[in-house]
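So the chains spell out like this:
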Amino acid sequence: MKSLKREKRDSLFKYGLVLLASVIVTFLLLPFSFVNVPTLKPGQVSPVDVRSPVSAVLVDKEATERAREEAVKRVLPRVKYTPESFTKALKEVEGLQLLNKHQKELLKGIITSYYQRGIISEVPKGYSQVEVEKGGKLKQMPLNAFLSQKQAEELFKEDVEKLLGKKVAREVVGKVHLSPNFVFNKTETEKLWEKARSSVKPVLVEVQKGEVIVKKGEKVTPEAAEKLKLLQEAKSKGKSLNKYISIFLLTLLLYYSVLRLYRIISPSAAEFKNILFSLSAITLDIFLIKLFTYLAKLIVESLNLPVNESLIYVPVVTSVVFASMFINKKVAVLHSIPVALLSGFNLSRPELLIIPVIVGSVFAAFDSRKFKSREVIYKSALKGMVVTALAQSLLYIYYFGFAVKVQLPVQLALTAIGAVITAVVVNGLSPLIINLFNFTTDIVYMELINLNHPLLRKLILKAPGTYSHSVMVATLAEAAAEAIGANALLAKAGGLFHDIGKLKNPQAFIENQTGVNIHDKLPPEKSAAILRSHVEYGEELGRKYKLPEKVIEIIRQHHGTKLMKYFYHKAKELYGNKVNEKIYRYPGPKPQFKESGIVMMADTVEAAVRSMKDKELDLGKVIHKLIMELVEEGQLNQSGLSLKDISLIEKVFKKVLSGIYHNRIEYPDDENGKGSDKGDRVRS
């Protein structure tokens, strides 16, 4: 139940880390600039020289809008001829009962004269001409050639009053409606205007990097004020909410993918500590690339180099080297994917960063077992730099041809700088990371196996037999680990320190006894407790002297849960069959990784072979029997060692031990041909 709760808690922590890292990276990836573009209005005196921070082609929105308005004005309103209104007006006259036939004919003549000239509906202001659509043909006509509806109605009223008098005129005017026979076609006209607007291309303003927009002490011209406004707009471009959200979600997706891929490519490394480190290291790389790329652009700008700043960057891949040192090569290559993809946002052509950085990272990643000196870091950074530079060169040639001029050399120089930064940062931060995350490298193991460690010196003085045994176990373990591809330095360090717990009571162990065996006078349960305690005390000493965690685990696991057979059978002889077997077993756990399993086998075999009285026994058979007992008991089930590995380890043990515990040859005496009674022997 507790383990399930712990798993849920760890999962929540992992997802929380992914969320936090995504938020941080989102803010890192958004555009930022320390170059201030002042707000100055036409006529103001500039307090400083204002230069353009970048080369840019900007859209002059106001000029573009003016050009579009001019284009619209050149398109005349379209009016359509509709004779129906004239016909309707004549019918209304015909229906007037108060007029006689003669009066009606006079009114019709007046109305006809209006419609022949043309009555036009209201059209947009600002136009002196219109385009008339009549009989399927288009014709431009001046607007003053027509009567407006208002003008027609006023003329009609005046003419009727003159003809029929005011009283009759009021009734006639109220019943006869003069509708326009030339009607403004709004729908068609708006289509023409929109077509005219869209045909106008944006008005572009080209500003060169370093170009003086306005000098100190000079009055700002309208053109300069417009350029300043456009530069400010360009500077703030990209800080919209949609970009925040999209970058955040993409970062979240990539970090979550790292979490999932961890379990696929390296399940054994997918622990909380390693994932925390990976997310931190990836975020650090994105920050470093952003920071040093920005500084590089400032330098390029100050030198006024003819370089497209949107294409340059400084590749820093500390996370790849760190993962190679502290985890493994697979995780190191995994780190390069989010670093490259997310840092690509800094460039106008992201592929110029993504492809070289990922390919270079594959070559920069190295096997963590090869990290035996600081030189490995510099070699790794150098290899990554060479491959990255090659990929960059090929991409530049692909996109820009061979006429790359200054751009490519500048980028290659920045790549070299990135390699140096990577090596320096890794060397500088690795001690801090080792302490923070409790990582162990082969350099630490190398420091442990030089035999000058305080615990080993104590072992020489207080338990020389145990020390001799430990050195032999370390030798066997190192040779076996090299043979199967495990970490030989860890195996050797584990072999040297596996029995340091015997310092608590050295004389209780046979290799340190000089004739008197204290267990002869002790009850078997007491003897078993003493043997068990050397594992527990060894772990305690390991933590006190800050030994690497893996070495402490070997100390805890090197006996697994084996039965102390001698004392167990002695107890059965004394107390009968009602003996609690658990008292006579080591506390465990069983070996959990290859190096721990190797040390268990080396310890078992070396101790047994050392105590053999009959040196004529077949060493190979003895080793095989001892190791098979461990296999049958299930002591190696959790170590990750395959049967092939175990078979190879057997052969290595036999080869090493044959050189030490070999058969001795007696040489005949010079005089009588008998062996020397002094036992003068040499190794075969």
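Up top you'll find the structure we're talking about.
What comes next concerns the included structure.

Structural notes on the overall build of the protein chain
Stage number 1. Scanning the protein chain from N- to C-terminus turns up 25 helices and twelve strands.
Stage number 2. Out of the 684 residues belonging to the protein chain, those deemed buried represent 44%.
Stage number 3. Considering only contacts within the protein chain whose residues lie at least 6 apart along the sequence, 78% involve residues at least 24 apart.
Stage number 4. Here the protein chain displays about 37200 Å² of accessible surface, and carbon together with sulfur accounts for 57% of that area.

Comments concerning the environment of Val-551
Stage number 1. Along the polypeptide, Val-551 turns up in helix 21 (residues 549–557).
Stage number 2. A relative accessible area of 1% places Val-551 in the buried class.
Stage number 3. When the C-alpha atoms of Val-551 and Glu-539 are compared, they prove to be 9.3 Å apart, with twelve residues separating the residues in sequence.

Brief notes about a positive patch on the surface
Stage number 1. A grouping of Lys-157, Lys-166, Lys-167 and Arg-170 is seen on the molecular surface, where their side chains present a positively charged patch.
Stage number 2. Along the chain, the position of Lys-167 falls in helix 6 (residues 166–175).
Stage number 3. Residue Lys-167 is classed as exposed on the basis of its relative accessible area, which comes to 64%.

Side note on the pattern of salt bridges
Stage number 1. Under the counting rule described, the total for this entry stands at 16 salt bridges.
Stage number 2. Residue Arg-197 pairs with Glu-65 through a salt bridge whose shortest N-O separation is 3.1 Å. With Arg-197 in helix 7 (residues 186–198) and Glu-65 in helix 2 (residues 61–73), this pair connects stretches of sequence that are 132 residues apart.
Stage number 3. Taking relative accessible area as the criterion, Arg-197 reaches 21% and is therefore assigned partly exposed.
Stage number 4. For Arg-610, the salt bridge is made with Glu-606, and the minimal N-O distance between the two is 3.0 Å. Here Arg-610 and its partner Glu-606 are both found in helix 23 (residues 594–611), four residues apart, which amounts to about one turn of the helix.
Stage number 5. Through salt bridges with shared partners, one network takes in Glu-539, Arg-543, Glu-549 and Arg-556.

With respect to the packing of helix 2 against helix 7
Stage number 1. Running from N to C, helix 2 and helix 7 cross one another at 140 degrees; their axes reach a closest spacing of 8 Å. On the basis of the axis angle, helix 2 is oblique to helix 7. When you trace helix 2 past helix 7, the crossing you get is right-handed. In contact with Glu-65, Arg-68, Glu-69, Ala-71 and Val-72 of helix 2, helix 7 contributes Trp-193, Ala-196 and Arg-197.
Stage number 2. Partitioned by chemical class, the residues of the contact of helix 2 with helix 7 number four nonpolar, no polar and four charged.

Describing empty space enclosed by the protein
Taking a probe equal in size to a water molecule and rolling it over the atoms shows the remaining empty space.
Stage number 1. Scanning the model with the defined rule gives one cavity of 30 Å³ or more in all.
Stage number 2. Taken as a whole, the largest cavity encloses approximately 120 Å³ of empty space.
Stage number 3. Surrounding the largest cavity, 15 residues form its lining, Pro-315, Val-317, Gly-384, Met-385 and Thr-388 being those nearest its centre.
Stage number 4. Of all the secondary-structure elements, those providing two or more residues to the lining of the largest cavity are helix 13 (351–364), helix 14 (375–400) and helix 15 (407–437).
Stage number 5. Among the elements that take part in the lining of the largest cavity, helix 14 stands out by supplying five residues, more than any other.
Stage number 6. Taken together, the residues that form the lining of the largest cavity break down as seven nonpolar, eight polar and no charged.

Remarks on unusual backbone geometry
Stage number 1. The omega angle of the peptide bond from Gly-588 to Pro-589 is 5 degrees, so this bond is cis rather than trans.
Stage number 2. Phi at Asn-438 is positive, roughly 55 degrees, even though this residue is not glycine.
Stage number 3. With respect to the helices, strands and loops of the structure, Asn-438 is situated in the loop between helix 15 and helix 16 (442–448).
Stage number 4. Positive phi, normally seen in glycine, also occurs at Lys-546, with a value near 55 degrees.
Stage number 5. Mapped onto the elements, Lys-546 comes out in the loop between helix 20 (524–544) and helix 21.

Criteria and thresholds
Residues numbered from 1 in each chain as written. Predicted model: local features only at pLDDT ≥ 70, side-chain atom pairs only at ≥ 80, totals over all residues. Heavy atoms only, no water. Helix = DSSP H or I, 4+ residues; strand = E, 2+ residues; numbered from the N terminus. Buried < 20%, exposed > 50% of the residue type's maximum accessible area, 1.4 Å probe, protein only. Contact = heavy atoms within 4.5 Å. Areas by Shrake-Rupley, 256 points an atom, 1.4 Å probe, with all protein chains shown as cover. Patch = residues over 30% accessible without salt bridge, like charges linked within 9 Å, V, L, I, M, F, W, Y side chains within 5 Å. Salt bridge = Lys/Arg side-chain N within 4 Å of Asp/Glu carboxyl O. Lys, Arg positive; Asp, Glu negative; His and termini not counted. Charge placed at Lys NZ, Arg CZ, Asp CG, Glu CD. Axes fitted to C-alpha atoms, helices over the stretch in contact; angles between N-to-C directions. Parallel < 35°, antiparallel > 145°, perpendicular 65-115°, else oblique. Left-handed = near helix turned anticlockwise from the far one by under 90°. Nonpolar A, V, L, I, M, F, W, Y, C, P; charged D, E, K, R; others polar. 1 Å grid on protein atoms, 1.4 Å probe; cavity = no way out; pocket = protein on both sides within 12 Å on 5 of 7 lines; lining within 4 Å. Points joined across faces, edges and corners; volume = space filled by probe spheres on them.

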